[in-house]
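# Geometric and topological summary
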Amino acid sequence: MRVFSGACLALVALSSAGCATPQPVTSAEAACTIATEKVTSLRGLPTSHVAMCDHASDDDTSTGHYVMALRAYCTTEAICGSTNMGWFAVSKTTGEVFEWDIGKGRVGAPLQG
């Protein structure tokens, strides 16, 4: 009995820790929030580091994804170069965040972590 109850406890612990369940994303604003949270988490930055999402037009996007550049706040007042943190694609069906290959106009690797 002891082995069985230990196995049950392990299964309960695993199921309660669980993995994120894929969730549909229904707006560009929601996709922006998801991408912001993922990218800043991976880079060790607060979400407040992102000033805005620069959404690609529907003509520029891959079917099934919201495509955007994340823009940071300018950190100097004198001269501000690019604030682009990168281009990303968020799956409309799962909410998974991918790199966006701006040169090829297609979804790249998923962001890990």
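Residues numbered from 1 in each chain as written. Predicted model: local features only at pLDDT ≥ 70, side-chain atom pairs only at ≥ 80, totals over all residues. Heavy atoms only, no water.

With that out of the way, let us pick up the overall build of the protein chain. In terms of helices and strands, the protein chain carries two helices and five strands. Shown N-terminal to C-terminal, the secondary structure of the protein chain runs as helices and strands in the order α-α-β-β-β-β-β. For the protein chain, the residues scored as buried account for 25% of the 113 residues in total. In the protein chain, 40% of the contacts between residues at least 6 apart in sequence involve partners at least 24 apart. Surface accessibility of the protein chain: about 7600 Å² in total, with carbon and sulfur atoms responsible for 57%. (Helix = DSSP H or I, 4+ residues; strand = E, 2+ residues; numbered from the N terminus. Buried < 20%, exposed > 50% of the residue type's maximum accessible area, 1.4 Å probe, protein only. Contact = heavy atoms within 4.5 Å. Areas by Shrake-Rupley, 256 points an atom, 1.4 Å probe, with all protein chains shown as cover.)

Attention now moves to the confidence of the model for the protein chain. For the protein chain, per-residue confidence averages 82 on the pLDDT scale, and 79% of positions sit at 70 or higher. Put simply, helix 1 (residues 2-17) is where the protein chain has its lowest mean pLDDT, 37, and helix 2 (residues 28-43) is where it has its highest, 97. Here residues 1-18 is modelled with pLDDT under 50, and outside its nearest four sequence neighbours on either side it reaches zero contacts, counting other chains as well. (pLDDT = per-residue confidence, 0-100.)

So, about the nonpolar core. Core analysis: the biggest nonpolar cluster contains 16 residues, and M68, L70 and V90 have the highest contact counts within it. Taken together, the elements giving at least two residues each to this core come down to helix 2, strand 1 (50-55), strand 2 (65-72) and strand 3 (84-91). When neighbours within four sequence positions are excluded, M68 is seen to be in contact with A31, C32, A35, C53, D54, H55, A56, G86, W87, F88 and V90. Counting five residues, the second-largest nonpolar core is a separate cluster that includes A56, V67, F98 and W100. (Core = buried A, V, L, I, M, F, W, Y, C linked by side-chain atoms within 4.5 Å.)

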